[in-house]
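Results of the structural survey
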Amino acid sequence: MKREPGFLRILARFMLVLLVLYLSWTAAYFITAVIYSRLSWTPHELFVYLINATLGFFFFGIISMTVRRFIQPREQHFFTEMIDALKRISEGDFHINLGWNFGTRNGNHDRTHPYVQLVDSINDMAANLKVMEELREAFISNVSHEIGSPLTSIIGFAKALKDDNLDREQRDRYLTIIETECIRLSKLSDNLMKLAVLDSERHPFHPSSYRLNKQLISLILACEPQWEAKQIDMIVDTHNVQVNADEDLMGQVWVNLLHNAIKFTPQGGSISVSLSSNGNQAVVCITDTGPGINEQDQQRIFERFYKADKSRTRTAGGSGLGLSIAHKITEMHSGSISVSSKVGEGTAFTVLLPLQEETVKGNSNHERSGNSGD
């Protein structure tokens, strides 16, 4: 039967205490025997037993106090440092890296010792809080930047409108810019609210069974004015796929990916939307012929406020939150979203969703549409 390390440690300590106690009694026996011999005195056996037991416990107490004098200062210093570390963490100082070792095991430091586990837990807590604090500071900085930029434009052009010498064309242009910046602020506020609700897990999550191909086609047709205005060739290849998901939440994912594809696809380019099933997953791929994303940016594309091309995204009016929202929603559905891109060759976003119900197989409902929308 395999024993737990904690049980073996307790057993070893118990045996050590017994050994010290036996040694103390043995020492008491021989010391009293010498004293009785020199005094030529032979006391009663019960008296001898009581004296030896009392003297043995006396020796045991002296040994215990002596050992404690060497051990207690180390433990006291340990707890003092632990309390100081916790105070620093409570005051917002997360640069904590304690290093304590108690005992060895198989020639290595014993990582199962309770004190060592306490040290590791405090170090991990400090490291996690430090990461959270850095993310919070970056989030505040990004929000301030995203809000500050349009507000500066609005204030500047609002002051310019006070000029009575402005002609009608200039006035209309300034008003259009103010309107655009207000829309940007509104979208930013809406996206921040969505992320806050999704992070808090208070967002109503109501999965239901529906045909994913119908949802995709409906959203593509809703975006028709945008891709028609840029003469984009929209290629749709979908199969009849049934999923169990929150239709409203997934709609945000598809709208976001479609708008991004339209936004960055040049005039006369093409966008491909495909839907298929692979085993127990639905596979949605949205590919564009835009400028593409380099490998370094692909690794961070789903981070909040991250923009692969800040100047291009600024012109397009993005805030860097849309893909974060899409990533969060797919995670809520136990799915995944990934990006594949080459600079100058376009970008492809692939979304995988688990199938909860049996998907209708075959090539039924296989639809294609060109730039005419048919």
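Before any of the text, the structure's been laid out above.
Reading the values: rules and limits
Residues numbered from 1 in each chain as written. Predicted model: local features only at pLDDT ≥ 70, side-chain atom pairs only at ≥ 80, totals over all residues. Heavy atoms only, no water. Core = buried A, V, L, I, M, F, W, Y, C linked by side-chain atoms within 4.5 Å. Buried < 20%, exposed > 50% of the residue type's maximum accessible area, 1.4 Å probe, protein only. Helix = DSSP H or I, 4+ residues; strand = E, 2+ residues; numbered from the N terminus. Contact = heavy atoms within 4.5 Å. Pairing = 2+ DSSP bridges. Axes fitted to C-alpha atoms, helices over the stretch in contact; angles between N-to-C directions. Left-handed = near helix turned anticlockwise from the far one by under 90°. Nonpolar A, V, L, I, M, F, W, Y, C, P; charged D, E, K, R; others polar. Salt bridge = Lys/Arg side-chain N within 4 Å of Asp/Glu carboxyl O.

So, the nonpolar core
Among the nonpolar cores identified, the biggest contains 45 residues, and L212, W254 and L257 are the most heavily contacted of them. When residues in this core are grouped by element, the largest group, 8 residues, is from helix α7 (residues 247-264). Sequence-distant contacts of W254, that is, excluding residues within four places in its chain, are made with L212, Q215, L216, L219, V284, V351 and L353. Counting residues in each nonpolar core, the second largest holds 11 residues, with A85, F94, I96 and A126 among its members.

A word on the environment of S338
With respect to the element layout, S338 can be found in strand β8 (residues 336-342). It is 9.0 Å that separates the C-alpha atoms of S338 and F302, two residues lying 36 residues apart in sequence. Those residues in contact with S338, other than ones at most four positions away along the chain, are F302, A348, F349 and T350.

What to know about the sheet that holds strand β7 (residues 281-288)
The strand order across the open sheet built from 5 strands is β4-β6-β7-β9-β8, with neighbouring strands paired in mixed fashion. Each of the sheet's edge strands pairs with one partner strand only, and the pair in question is β4 (233-238) and β8. Taken pair by pair, the neighbouring strands of this sheet meet at an average axis angle of 10°, ignoring direction. Alignment of β7 against strand β9 (residues 346-354), held across 8 bridges, turns out to be antiparallel. Bridging across to β9, A282 finds its partner in L353. With respect to the sheet, helix α5 (residues 212-222) is in contact with β4, β6 (270-278), β7 and β9, its orientation differing from that of β4 by roughly 170°.

Let's talk about the pairing of β9
When β8 meets β9, the two strands line up antiparallel, connected through 7 bridges. Considered in β9, the bridge of I337 is made with V351. The hairpin turn running from β8 into β9, its antiparallel successor, is 3 residues long, and G344 in that turn takes a positive phi close to 85°.

Description of the packing of α7 against helix α10 (residues 322-332)
For the pair α7 and α10, interaxial distance at closest approach is 9 Å and the crossing angle is 145°. Here the hand of the crossing between α7 and α10 comes out left-handed. For the pair α7 and α10, the contacting residues are L249, M250, Q252, V253, N256, L257 and N260 in the first and G322, L323, I325, A326, I329, T330 and M332 in the second. Considering only residue class, the contact of α7 with α10 consists of 9 nonpolar, 5 polar and no charged.

Re the pattern of salt bridges
If you walk through the whole model with that rule in mind, you get 2 salt bridges. Between D93 and R88 there is a salt bridge, with its nearest N and O atoms 3.1 Å apart. When the shortest N-O distance is used, the salt bridge between R168 and D172 registers 3.4 Å. Residue R168 and its partner D172 are located together in helix α4 (residues 168-200), separated by 4 residues, close to a single helical turn. Exposure remark for R168: the relative accessible area of 64% places this residue in the exposed category.

In short, the description is geometric, and any link to function would need to be established separately.
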